[in-house]
Amino acid sequence: MIILEDKKIVSSKFHIENSHTLSVAKEHGTYSSIERLFTLSSEEIIAIIKESHLRGKGGGGAPAGNKWALMPLGELKPSFLAVNCDESEPGTFKDREIISKDPHLLIEGIICTCFAIKSHTAYIYVRGEYKEFSNILQSAIDEAYEAGYLGENIFNKGYKLDVIVHRGAGAYICGEKSALLESLEGKRGHPRVKPHQQECEWYFDNPTLVNNVETIASVPFIVKNGADAYKEFGTSSSPGTLLFAMSGHVNKPGVYESEFGICMMDYINHYGGGIKNGKKLKAIIPGGASTKILTADEVGLAKLDYETMKALGSSLGTGGMIVMDEDTNMVEALKNLLEFYHHESCGQCTPCREGTGWVDTIMQNLLDGVARGEDIEKILEISKTMNGQTICVFAPAVSDVIDGFITKFRSEFESYVREDLT
Amino acid sequence: MSFNFNDDNLEKIELLKSKYPKVQALSLPLLWMAQYQDGFISLEAIQEIAKICETPMMEIYKVSTFYSMFNLQKLGKYHIQLCKTLSCKLCNKDDVLKSIQNELNIQVGESTSDGLFTLSQVECLGSCGTSPVMQLNETYYENLTPISIVEILKALK
Amino acid sequence: MSLVTVNIDDKSYEAKENSLLIDLLILHDIKVPYFCYHESLGADGNCRMCMVEIEGKKRPQIACDTFVSDGMSIQTASEKISSVRKRILELELINHPVDCPICDQAGECKLQDYYMDFGLYDSNIDMKEKVHNKKHIALGSSVILDRERCVLCTRCVRFTSNITKSGELGVINRGDKACISTVPGMKLDNPYAMNVVDLCPVGALTSKEFRFAQRVWFLKSTPSICHGCSTGCNIFIDHNQEKYKEDKIYRIRPRKNREVNGDFICDYGRLSYKNLQENRQQELLNKSNVISYEDALLELNSKISGSKNIVILVDANLYNEDIAAISNFSQKIGAKLVCPTECYFDDSFGDDWLKSDYKCANLQAIKNYKIDSLFSSDQQIDLLINFNHPSFSKFSSKQSVEFSTHKGSSAELVLAIPAYSEYSGTTINDANIEQYSQKAITTDVATISEYLSDLSKVAL
């Protein structure tokens with residue numbers, strides 16, 4: 001697929017000056033889904049979202065409609081929406097664009113979503129570091145309250161909705177939905193043990209929906225234009241668009257929305273202006289640090305959709321690509337990421353708490369020239385122990401990262417080994 | 001020594017209480033508030049927050065040690081938090097770090113003797129498209145070079 | 001709840017539907033390693049040790065988060081599971097100092113046990129590469145924390161958060177820097193604090209009282225009932241007789257009894273062993289002179305025969321068998337049998353959990369024998385015979401005899417008797433449950449029953 005035109009659902013106003021203000025946003029169509037929204041029932045909206053095949057854009061890619069359908073609509077208990085803006089996955093910086101350049105689109109999405117799941121309170125959990133951007137979001141919320149778009153009786157439709165920005169304080173793991181809710185309850189961000197059946201999330205024992213910022217920001221388009229309009233973008237199983245992003249060794253790093261299904265290399269060349277300094281590509285981490293690295297050959301086969309990326313043994317993740325040129329030292333790159341995971345492991349369960357530290361130590365030994373050949377095997381073995389034995393998917397992701405780097409670039413790791421050590 | 005939230009904050013706390021189903025949820029907002037009020041989070045502040053959140057002091061203390069942005073000790077007036085994760089690393093953050101260390105004559109984890117600067121390296125700031133990046137207190141400085149960082153620091157001295 | 005059949009390692013077991021698999025494994029003594037799960041604290045899922053293979057599940061599952069259903073088929077010792085356990089155990093141990101030779105937990109340490117059962121690999125890590133941490137932190141309440149030995153199972157934290165609700169302990173920091181702590185400057189301080197020592201599956205929390213006192217494999221554990229109050233907590237008395245030395249109690253530990261004390265005891269009861277071996281009356285004294293057993297009985301007999309108005313005081317800590325014998329005896333000699341109970345009452349001691357307001361073990365027997373508990377004498381007492389009742393000194397009498405466990409009696413005739421740990425008997429707790437204490441420590445001193453039976457022979 002050749003990129004012929006920019007297809008935008010979420011980023012259409014990013015380039016407009018003062019797009020974060022209510023007047024400019026409204027002028028360019030924000031809040032235009034509201035009229036239709038209030039003509040629909042909860043069940044109808046959820047059916048439309050299901051029909052659109054909108055997939056979660058925080059990294060997991062689970063169908064959003066199915067998640068919404070888990071909310072018990074007839075409950076007497078209050079229900080909540082928690083919007084995940086804890087964007088901390090290395091290589092990912094797209095939600096920040098939404099909350100600072102089109103916060104009203106997010107608010108509009110929150111209104112649609114809360115109305116659908118019969119919730120009257122939404123929290124936007126913004127990572128602590130994004131203070132400047134959450135300030136912009138907060139002013140937009142204030143403006144929306146002022147205009148009667150939020151508050152006791154929104155749009156005079158007899159519906160009450162409060163939106164609260166909740167600031168994190170520096171913890172990658174709080175992007176995991178259950179850890180996010182723990183944090184939102186005022187606790188340490190420890191992921192919860194998974195339930196045995198499919199069910200909604202719980203905030204202080206109240207039914208709760210957790211969705212990523214971009215997912216919610218995609219909702220107004222679908223509510224306004226219908227599921228079919230959304231499915232006109234992308235592929236049949238990965239419909240719509242994603243705020244893909246590039247960083248690292250590209251000429252024009254940044255966030256560029258694209259529909260699913262285009263070739264990764266086309267994306268890099270079209271939006272990113274190719275590899276920096278005319279170098280050759282060595283590898284790309286396709287969707288945030290926790291997705292398995294692709295070699296240049298694999299990148300040649302990669303298309304930006306969930307299915308192709310899965311077939312390549314990796315995943316689409318957040319769509320945040322980290323591009324590495326031919327001069328990149330893979331041992332140092334992996335060490336860099338393992339330091340990240342070592343620092344960010346919550347420490348709750350054993351394989352992750354001890355494993356992330358241990359692999360980091362061995363990698364340091366490798367770089368220091370005091371590691372033996374068996375140490376590479378040892379890393380792979382620890383990595384195996386970290387996969388599938390933990391409470392959350394943090395450790396399995398680390399395991400994938402290690403496995404990708406070492407199996408695909410093994411000779412580089414072996415070149416650091418000192419066999420003369422006893 | 002004791003800690004009391006100022007009147008402004010007390011008013012905000014009352015408002016916050018109405019926004020959450022349980023008062024325990026206020027621990028992060030209140031820790032932030034205390035850190036803004038004093039520049040760091042003291043044990044006295046933790047005790048006061050525990051009282052407001054109707055929870056044992058340990059609950060607040062352990063939360064305060066989990067999140068990397070809460071400072072239980074006083075820092076320099078300007079807290080340089082240089083991102084060290086992969087995209088910034090690929091875009092030569094190490095050169096920027098050297099430049100900072102030369103300019104301020106301190107190592108990572110240290111503060112200048114005049115108490116003006118504290119230098120930290122932090123994990124991914126979520127600004128990979130404009131790397132290398134640092135957060136100076138709460139402001140992002142993006143697309144840093146070894147030269148631009150010196151200009152930024154000089155302007156603050 | 002209906003019963004279901006599950007298959008574990010190719011054997012059938014019955015279990016309640018939706019009950020926890022780990023409880024079933026423990027019940028049937030099927031070996032499964034675990035640190036964080038505890039019957040009284042529930043599941044937490046953090047240690048990841050109790051992995052089992054469940055038919056139809058791709059990955060190993062933790063037994064503490066698996067609910068039993070009909071027809072479930074479980075493997076606990078397959079090659080896959082053994083290898084998973086071994087590798088997770090290795091991770092538990094990578095930052096552990098392996099200082100077993102100087103660790104008090106050695107011999108009752110789950111890390112040691114599991115290493116022998118499931119580990120037995122060669123160490124892959126240098127001591128210098130381990131994350132080092134503080135080794136001797138006094139948490140308060142006689143509990144010492146060694147952070148290097150801790151596996152962060154959080155049993156101690158969950159005990160103070162969910163059971164005592166005193167909330168002193170918590171996990172601070174993150175990742176492999178996470179550790180158990182109190183708030184700086186604050187102490188672990190509640191009447192049940194020392195239970196965390198028993199809860200700790202490794203040598204991270206040890207008792208200051210027991211540190212370096214004795215190797216656990218030398219200790220004999222005798223089941224008994226705590227005499228600290230009328231709750232009747234089930235305990236083990238751990239003791240050892242070293243060569244050429246007296247048999248000595250080194251500690252008291254809770255003994256599980258769902259109906260009485262669960263898995264716990266209070267610190268007061270736990271430390272009450274000290275009083276059992278301090279300042280003890282060993283000899284028989286007549287006006288401060290040591291006399292023989294036979295002479296003592298003769299002297300007692302003559303005092304009884306020469307007195308008209310006799311009052312017998314009986315301690316509400318004595319065994320039922322003692323109280324029965326004393327009751328018979330008092331009827332025989334026409335004495336008034338009393339047990340003023342006010343002295344045991346202390347409402348500052350009692351709480352709404354294990355500690356009761358009455359600090360005596362067998363109040364119920366006093367009630368059952370309808371022994372006068374309000375006695376205060378305005379009549380002249382000719383002879384007062386006290387069976388270890390604490391209020392002896394409050395009564396005046398022409399003559400006095402005291403059967404006493406501890407020194408300091410002012411009676412003319414003092415007869416040493418054993419403490420409850422030194423002979424067997426039953427007590428009835430305040431929930432009317434009759435419980436048996438075994439003899440833990442051997443002593444030469446005669447029991448009350450022996451005295452009274454021998455006395456009847458002298459009197460003949």
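Residues numbered from 1 in each chain as written. Chains lettered and ligands numbered in written order. Predicted model: local features only at pLDDT ≥ 70, side-chain atom pairs only at ≥ 80, totals over all residues. Heavy atoms only, no water.

A.B. asks: What am I meant to see in the overall build of chain A here?
C.D. replies: Across its full length, chain A carries 18 helices and 11 strands. For chain A, whose C-alpha radius of gyration is 22 Å, the value lies close to the compact-globule estimate of 22 Å for 422 residues. Taken along the three principal axes of its C-alpha coordinates, chain A extends 80 × 50 × 35 Å. For chain A, the accessible area works out to roughly 14400 Å², and carbon and sulfur atoms hold 48% of it. Seen as two clouds, the 42 positive and the 58 negative side-chain charges of chain A have centres 2 Å apart. (Helix = DSSP H or I, 4+ residues; strand = E, 2+ residues; numbered from the N terminus. Rg over C-alpha atoms; globule rule 2.2 N^0.38 Å. Areas by Shrake-Rupley, 256 points an atom, 1.4 Å probe, with all protein chains shown as cover. Lys, Arg positive; Asp, Glu negative; His and termini not counted. Charge placed at Lys NZ, Arg CZ, Asp CG, Glu CD.)

A.B. asks: I would appreciate a short explanation of the overall build of chain C in the present structure.
C.D. replies: Secondary structure summary: chain C contains 11 helices and 22 strands in total. By residue count, 57% of the 460 residues in chain C fall in the buried class. In chain C, of all internal contacts separated by at least 6 residues, the share reaching a separation of at least 24 is 63%. Counting only carbon and sulfur atoms, one obtains 48% of the accessible surface of chain C, whose full area is about 20600 Å². Across chain C, the 53 positively charged side chains and the 62 negatively charged ones have centroids separated by 4 Å. (Buried < 20%, exposed > 50% of the residue type's maximum accessible area, 1.4 Å probe, protein only. Contact = heavy atoms within 4.5 Å.)

A.B. asks: I keep staring at the interface of chain A and chain B and nothing clicks. Help me out?
C.D. replies: Put simply, an interface is often sized by how much accessible area is lost when its parts join up. With 60 residues of chain A in contact, the opposing surface of chain B contributes 38 residues. Carbon and sulfur atoms make up 59% of the area that chain A and chain B hide from each other, which totals about 3700 Å². When residues of chain A are sorted by the area they lose upon contact with chain B, A:R167, A:A169 and A:R188 head the list and together hold 17% of the total. The interface formed by chain A and chain B contains four salt bridges. Two residues, B:E142 and A:R96, come together in a salt bridge whose shortest N-O distance is 3.0 Å. Our enumeration of links across chain A and chain B arrives at 26 residue pairs in polar contact (both at pLDDT 80 or more). Of all the secondary structure elements, the ones that give two or more residues to the side of chain A that touches chain B are β2 (121–126), α7 (131–146), β4 (159–167), α8 (177–184), β7 (241–248), β11 (320–325) and α14 (330–344) of chain A. Ranked by the residues each element gives to the side of chain A that touches chain B, the list is headed by α14(A), at eight residues. Taken together, the residues of the side of chain A that touches chain B break down into 27 nonpolar, 19 polar and 14 charged. (Buried area = accessible area lost by both parts, 1.4 Å probe. Salt bridge = Lys/Arg side-chain N within 4 Å of Asp/Glu carboxyl O. Polar contact = N/O pair within 3.5 Å; in protein donor to acceptor, adjacent residues only side chain to side chain. Nonpolar A, V, L, I, M, F, W, Y, C, P; charged D, E, K, R; others polar.)

A.B. asks: I would appreciate a short explanation of the state of the cysteines in the present structure.
C.D. replies: What we call a disulfide is simply a covalent bond connecting the sulfur atoms of a pair of cysteines. Taken as a whole, this structure holds zero disulfides over all chains when the rule is applied. Free cysteine: C:C360, not disulfide-bonded; nearest cysteine sulfur from C:C339 at 7.0 Å. (Disulfide = S-S within 2.5 Å.)

A.B. asks: Would you mind going over the interface of chain C and chain A with me for this structure?
C.D. replies: At the junction of the two partners, chain C supplies 30 residues and chain A supplies 33 residues. Considering only the side of chain C, the residues that lose the most area to chain A are C:R87, C:L91 and C:R174, jointly responsible for 27% of the buried surface there. Along the contact surface separating chain C from chain A lie three salt bridges. Salt-bridge contacts for A:E344 lead to C:R174; the nearest nitrogen and oxygen are separated by 3.0 Å. For the side of chain C that touches chain A, the elements supplying multiple residues, two or more each, are α2 (79–94) and β8 (170–172) of chain C. Counting residues per element, the side of chain C that touches chain A draws most heavily on α2(C), at seven residues. Partitioned by chemical class, the residues of the side of chain C that touches chain A number 13 nonpolar, seven polar and 10 charged.

A.B. asks: Mind showing me how you'd approach the domain arrangement of chain A here?
C.D. replies: Residue and element names in this part refer to chain A. The assigned domain composition of chain A is domain 1 (22–231), domain 2 (241–325) and domain 3 (330–414). The gap between the C-alpha centroids of domain 1 and domain 2 is 27 Å. Opposite the 17 residues of domain 1 that make contact, domain 2 presents 19 residues. With both chains or domains summed, domain 1 and domain 2 bury close to 1300 Å², and 60% of this area falls on carbon and sulfur atoms. Where domain 1 packs against domain 2, one counts one salt bridge. With a closest N to O distance of 3.1 Å, E307 and R55 form a salt bridge. For the interface between domain 1 and domain 2, the tally reads nine residue pairs in polar contact (both at pLDDT 80 or more). A per-class count over the side of domain 1 that touches domain 2 returns five nonpolar, six polar and six charged. (Domains from an automatic or database assignment.)

A.B. asks: Please clarify how the side chain of A:T241 should be interpreted in this entry.
C.D. replies: Residue and element names in this part refer to chain A. In this structure, T241 sits in strand β7. Overall, T241 belongs to the buried group, its relative accessible area being 0%. At 2.5 Å, the side chain of T241 forms a polar contact with the side chain of E257.

A.B. asks: Please clarify how the sheet that holds strand β12 (residues 234–241) of chain C should be interpreted in this entry.
C.D. replies: Strand pairing in a sheet relies on backbone hydrogen bonds, with the paired strands running either antiparallel or parallel. Residue and element names in this part refer to chain C. Reading across the sheet, the three strands line up as β11-β12-β13 and stay open at both edges, with antiparallel pairing between neighbours. Here the strands that pair on one side only, and so sit at the sheet edges, are β11 (220–225) and β13 (247–254). Between one strand axis and the next, the sheet turns through 30° on average, direction left out of account. In the sheet, β11 pairs with β12 via six bridges, with the strands oriented antiparallel. If you follow P223 over to β12, its bridge partner there is F236. (Pairing = 2+ DSSP bridges. Axes fitted to C-alpha atoms, helices over the stretch in contact; angles between N-to-C directions.)

A.B. asks: When you look at the sheet that holds strand β10 (residues 205–207) of chain C in this model, what are you seeing that I'm missing?
C.D. replies: Residue and element names in this part refer to chain C. What the three strands build is an open sheet, ordered β6-β7-β10; its pairing is antiparallel. Each of the sheet's edge strands pairs with one partner strand only, and the pair in question is β6 (137–140) and β10. Going from strand to strand, the sheet's axes swing by 35° on average, the running direction of each strand aside. Pairing geometry for β6 and strand β7 (residues 143–145), over three bridges, is antiparallel. Note on β7: the bridge partner recorded for A138 is I144.

A.B. asks: Looking at this structure, how should I read the environment of C:L205?
C.D. replies: Residues and elements named next belong to chain C. One can find L205 in strand β10. As for L205 and K165, which are separated by 40 residues in sequence, their C-alpha atoms are 19 Å apart. Excluding its chain neighbours within four sequence positions, the residues that come into contact with L205 are Q105, L139, V143, I144, L145, C156, V196, V197 and C200.

A.B. asks: Even after reading the chapter, I still don't get the packing of helix α6 (residues 103–117) of chain A against helix α9 (residues 213–225) of chain A, so can you show me in this structure?
C.D. replies: Residue and element names in this part refer to chain A. The geometry of α6 relative to α9 is characterised by a closest axis approach of 7 Å and an angle of 75° between their N-to-C directions. Put simply, α6 runs roughly perpendicular to α9. Residues L105, L106, E108, G109, I110, C112 and T113 of α6 pack against V213, I216, A217, V219, P220 and V223 of α9. Of the residues contributing to the contact of α6 with α9, the split by class is 10 nonpolar, two polar and one charged. (Parallel < 35°, antiparallel > 145°, perpendicular 65-115°, else oblique.)

A.B. asks: How should the nonpolar core be read in this particular structure?
C.D. replies: Among soluble globular proteins, nonpolar side chains are generally buried collectively. Counting 166 residues, the largest nonpolar core has A:I110, A:F405 and A:F413 as its most contacted members. Top contributing element to this core by residue count: α6(A), with 10 residues. What A:F413 contacts, discounting residues up to four positions off in sequence, is A:M330, A:V331, A:L334, A:M363, A:L366, A:I376, A:F405 and A:I406. Ranked by size, the runner-up nonpolar core spans 119 residues in total, among them C:I30, C:A193, C:V401 and C:A416. (Core = buried A, V, L, I, M, F, W, Y, C linked by side-chain atoms within 4.5 Å.)

A.B. asks: Explanation requested: the domain arrangement of chain C in the structure shown.
C.D. replies: Residues and elements named next belong to chain C. Domain annotation for chain C reports domain 1 (3–93), domain 2 (100–207) and domain 3 (285–458). One C-alpha centre belongs to domain 1, the other to domain 2, and the line joining them spans 24 Å. Contacts between domain 1 and domain 2 engage 21 residues on the former and 22 residues on the latter. Across the domain 1 to domain 2 interface the summed buried area is about 1900 Å²; carbon plus sulfur atoms make up 61%. On the domain 1 side of the interface with domain 2, the three residues burying the most area are F35, L41 and L93, jointly 35% of the side's total. Here D117 and K31 are joined by a salt bridge, their closest N and O atoms 3.2 Å apart.

A.B. asks: Would you explain the packing of helix α16 (residues 373–386) of chain A against α2(C) in this entry?
C.D. replies: The angle between the axes and the distance between the axes are what describe a pair of packed helices. Running from N to C, α16(A) and α2(C) point in directions that differ by 105°, and their axes come no closer than 10 Å. In terms of orientation, α16(A) and α2(C) fall into the roughly perpendicular class. Across from A:K378, A:E381, A:I382, A:K384 and A:T385 in α16(A), the residues of α2(C) making contact are C:R87, C:I88, C:E90 and C:L91.

A.B. asks: Looking at this structure, how should I read the pattern of salt bridges?
C.D. replies: Note on pairing: side chains with opposite charge can pair once their charged atoms come close. Considering all chains together, one arrives at 63 salt bridges over all chains under this definition. B:K51 is paired through a salt bridge with B:E48; the nearest N and O atoms lie 3.5 Å apart. A residue pair is termed a helical-turn pair when its members lie 3 or 4 positions apart in one helix, as B:K51 and B:E48 do in helix α3 (residues 43–52) at three residues. Residue class for B:E48 comes out buried when judged on its relative accessible area of 16%. Between B:E123 and B:K84 there is a salt bridge, with its nearest N and O atoms 3.0 Å apart. Remark: B:K84 occurs in the loop between β1 (78–83) and α5 (86–90) and B:E123 occurs in the loop between β2 (117–122) and β3 (134–136); sequence separation between them is 39 residues. Assigned by exposure class, B:E123 and B:K84 land together as buried. A network of salt bridges, in which partner residues are shared, links A:K335, A:E339, A:D360, B:K84 and B:E123.

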